[in-house]
Amino acid sequence: MKHAPRYVLLSALVLALAGCGGVPAQLGPDGKPLPKVYMIEPADSARVTYSMVDSLNELRRAAGAQPLTLNAELTAAAATHSRDMSVQNRPWHFGSDGSSPLERVKRTGYPGKMLGENISETYETELETLSAWMQVPDTRAVVLDPAARNVGFAWFQEPSGKIWWTLVTGQ
């Protein structure tokens, strides 16, 4: 019985080391690890949305800005654009019909003023995407705009796992 704690410790160490012998990361042509696919299941939709909105509001609170309220019309504009970027296979602010972010928001019937739009094409999570937006002055300004009161947030995920994220702010 004196050796039981040592045995337990050794067993735990062996199990931990066994977990380290996993499959090595696959490298792409550039020598960097290929991205891990972040698949969003339908049941994850609310979690992903509120993870983003809660994180946005925490960043805004830290910056002294008012929190954003999730808005259905802005979310509809974001969802339309996320799917359209996938169809076009390029992350940019114009729709395949030539529409601008302002026009897409107007089409939804949003009664306020559209302020900004952030977009991304990635395999990353919503929080990794938000972190990337915070690293760039223009997209950071959209997140922290003190005039913003509403937010729309949506994504479209391709079968390959690529995600097209869109965030729209308004007042």
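Quick caveat, the model's predicted, so the values are computed rather than measured.

Regarding the overall build of the protein chain
Scanning the protein chain for helices and strands turns up six helices and four strands. Each of the 171 residues in the protein chain was classed as buried or not, and the buried ones make up 39%. The long-range share in the protein chain, meaning contacts at least 24 apart out of those at least 6 apart in sequence, stands at 67%. Within the structure as shown, the protein chain displays about 10,300 Å² of accessible surface, and the carbon and sulfur contribution to it stands at 61%.

Regarding the nonpolar core
With 20 residues, the main nonpolar core has L56 and W165 as its most contacted residues. Broken down by secondary-structure element, the contributors of at least two residues to this core are α2 (45–62), α5 (126–134), α6 (137–144), β3 (150–157) and β4 (163–170). If we ignore the near neighbours within four places in the chain, the residues touching L56 are L68, L130, V143, V151 and L167. One finds A77, A78, V105 and V168 within the second-largest nonpolar core, a separate group that totals eight residues.

Details of unusual backbone geometry
In most cases, non-glycine residues show a negative phi, while peptide bonds are predominantly trans. The backbone of N89 shows a phi angle near 55°, a positive value even though the residue is not glycine. Along the chain, N89 falls in the loop between α3 (72–88) and α4 (101–108).

Re the pairing of strand β2 (residues 114–122)
Within β2, seven of the nine residues are buried, which leaves it mostly tucked inside the rest of the structure. For β2 and β4, the ladder comprises eight bridges, and the chain directions are antiparallel. If you follow E117 over to β4, its bridge partner there is V168.

What to know about the pattern of salt bridges
All told, the structure shown has five salt bridges when counted by the stated rule. In this structure, R104 and E117 form a salt bridge, with 2.9 Å as the shortest nitrogen-oxygen distance. Of this pair, R104 sits in helix α4 while E117 sits in strand β2, and the two are 13 residues apart along the sequence. Each member of the pair, R104 as well as E117, carries the same accessibility label: buried.

Reading the values: the criteria
- Residues numbered from 1 in each chain as written.
- Predicted model: local features only at pLDDT ≥ 70, side-chain atom pairs only at ≥ 80, totals over all residues.
- Heavy atoms only, no water.
- Helix = DSSP H or I, 4+ residues; strand = E, 2+ residues; numbered from the N terminus.
- Buried < 20%, exposed > 50% of the residue type's maximum accessible area, 1.4 Å probe, protein only.
- Contact = heavy atoms within 4.5 Å.
- Areas by Shrake-Rupley, 256 points an atom, 1.4 Å probe, with all protein chains shown as cover.
- Core = buried A, V, L, I, M, F, W, Y, C linked by side-chain atoms within 4.5 Å.
- Pairing = 2+ DSSP bridges.
- Salt bridge = Lys/Arg side-chain N within 4 Å of Asp/Glu carboxyl O.

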